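Observations on the three-dimensional arrangement
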Amino acid sequence: MKIVETVKQIREEVARARQEGKKVGFVPTMGYLHEGHASLIQRAKAENEFVVVSIFVNPTQFGVGEDFETYPRDLERDSEIAEQAGANIIFHPTVGEMYPLGYRTYVDVEGITSKLCGASRPGHFRGVTTIVSKLFHMVKADRAYFGQKDAQQVAVIQQMVRDLNMDIEIVPCPIVREADGLAMSSRNTYLNPSERQAALILSKSLFEAQGRIDHGEHDAGKLGLWIKENIQTEPLAKIDYVEIVDAVTLEEIEEIKGDVLIALAVRIGKTRLIDNIRLEV
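Right, let's walk through the structure included here.

**Description of the sheet that holds strand β5 (residues 143-147)**
Ordered in space as β1-β4-β3-β2-β5-β6, the 6 strands form an open sheet in which the pairing is parallel. The open sheet terminates on both sides in strands that have one partner only, identified here as β1 (2-4) and β6 (169-173). For this sheet, the mean angle separating the axes of adjacent strands, direction not counted, is 25°. In terms of strand pairing, β5 meets β6 through 5 bridges, oriented parallel. Paired with Ala144 across the two strands is Ile170, which belongs to β6. Where helix α6 (residues 124-139) meets the sheet, its contacts fall on β2 (24-29), β3 (50-55), β4 (89-91), β5 and β6, and the angle it forms with β2 comes to roughly 150°. Strand contacts of helix α7 (residues 151-163): β5 and β6, with the helix running at about 170° to β6, the strand carrying the most contacts.

**A closer look at the environment of Val154**
Here Val154 lies in helix α7. By relative accessible area, which is 2% here, Val154 ends up buried. Taking the C-alpha atoms as reference points, Val154 and Leu191, 37 residues apart in sequence, are found 25 Å from one another. In this structure Val154 touches Phe146, Gly147, Gln148 and Pro172, once residues within four positions along its chain are discounted.

**Observations regarding the state of the cysteines**
Cysteine pairs can be covalently joined through their sulfur atoms, and such a bond is termed a disulfide. Taken as a whole, this structure holds 0 disulfides when the rule is applied. Take Cys117: it sits in no disulfide, and the sulfur closest to it among the cysteines is that of Cys173, at 19 Å. Given the relative accessible area of 8%, Cys117 is considered buried. Residue Cys173 is classed as buried on the basis of its relative accessible area of 4%.

**Some thoughts on the packing of helix α9 (residues 200-214) against helix α10 (residues 220-231)**
Relative placement of two packed helices is described by the angle separating their axes and the distance separating the axes. Remark: α9 packs on α10, axes separated minimally by 10 Å, with the N-to-C direction vectors making an angle of 150°. Compared by their axis directions, α9 and α10 come out roughly antiparallel. When you trace α9 past α10, the crossing you get is right-handed. The residues of α10 that touch α9, namely those facing Ile201, Ser205, Glu208, Ala209, Arg212 and Ile213, are Leu223, Trp226, Ile227, Asn230 and Ile231. Residue composition of the contact of α9 with α10, grouped by class: 7 nonpolar, 2 polar and 2 charged.

**Focus on helix α3 (residues 75-85)**
All of the buried residues along α3 are Asp78, Ser79, Ile81, Ala82 and Ala85. As for α3, its buried residues are in contact with β1, α2 (35-47), β3 and β4. Downstream of α3 by one or two residues, Gly86 has phi in the positive range, about 120°.

**Details of the nonpolar core**
With 48 residues, the main nonpolar core has Ile10, Val52, Phe91, Phe136 and Ile157 as its most contacted residues. With 8 residues, α6 is the single largest residue contributor to this core. Discounting chain neighbours no more than four positions away, the residues touching Phe91 are Val4, Glu5, Thr6, Val7, Ile10, Val52, Val53, Ser54, Ile55, Met98, Leu135 and Met138. Of all hydrophobic cores here, the second largest spans 27 residues; its members include Trp226, Ile231, Ile262 and Ile277.

**Observations concerning the packing of α2 against α3**
Where α2 contacts α3, the axes come no closer than 8 Å and their chain directions differ by 35°. The interaxial crossing formed by α2 with α3 has right-handed handedness. Only Ile81, Ala82 and Ala85 of α3 make contact with α2, whose side of the interface consists of Ala38, Ile41, Gln42 and Lys45. Here the contact of α2 with α3 is composed, by residue class, of 5 nonpolar, 1 polar and 1 charged.

Calculation rules
- Residues numbered from 1 in each chain as written.
- Predicted model: local features only at pLDDT ≥ 70, side-chain atom pairs only at ≥ 80, totals over all residues.
- Heavy atoms only, no water.
- Pairing = 2+ DSSP bridges.
- Helix = DSSP H or I, 4+ residues; strand = E, 2+ residues; numbered from the N terminus.
- Axes fitted to C-alpha atoms, helices over the stretch in contact; angles between N-to-C directions.
- Contact = heavy atoms within 4.5 Å.
- Buried < 20%, exposed > 50% of the residue type's maximum accessible area, 1.4 Å probe, protein only.
- Disulfide = S-S within 2.5 Å.
- Parallel < 35°, antiparallel > 145°, perpendicular 65-115°, else oblique.
- Left-handed = near helix turned anticlockwise from the far one by under 90°.
- Nonpolar A, V, L, I, M, F, W, Y, C, P; charged D, E, K, R; others polar.
- Core = buried A, V, L, I, M, F, W, Y, C linked by side-chain atoms within 4.5 Å.

Okay, structure coming up:
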């Protein structure tokens, strides 16, 4: 497995793979890889002969006061995980390589980015769509793999790909959870033991909500209120949002039917965690 740092290098490597008739799979990450990332790489390897993993902590998707400087980074560890999972190459550019002096161009998806995480993190998705668009142009993959834990991100990227006629298939992949249900996230490393235990209120609330739907609760307002009240039983939890929406448009719904996403963001101590479930009702 190779590690390259420049746009020229990654383009040359991908072009060589394409000349050999290989399909290219791409897994964009911000690094500090865990089993969730590994599952994306494994899926990409199963469906493509050549797999690119990008590791880049993207400054434009962090707001003022967010954790860009402290976001965990460990390229050596990431390289081992990526290689074991089946990656052929890691693209690890510098900020200067991705945003050279005088950079002024951004990709902005409207509407769908103003909800959920976009409401409390203004500018976040402009940073996401800009960097993903740039990476798509650099890597020129056949398929790109994203975790469903970031459900809004998946929806936004799918919208961008449709709107801009990008020639790439977006492959959403299931959430990978710890044995006790907590959704895997690089930010879980911020949690101390008591916060780690408190964080289980996210997945527990979602799973119980799914059970209530299975038993006939289809009133989104009532279920959303119940989820909020349940999360508030945990003293360390501070709710950012709890939303029950159409899984494609992210518009709020009154009746739980069709393709439904229940998404939430909760602060446990200083750490902001997200989780969701998607279900067909």
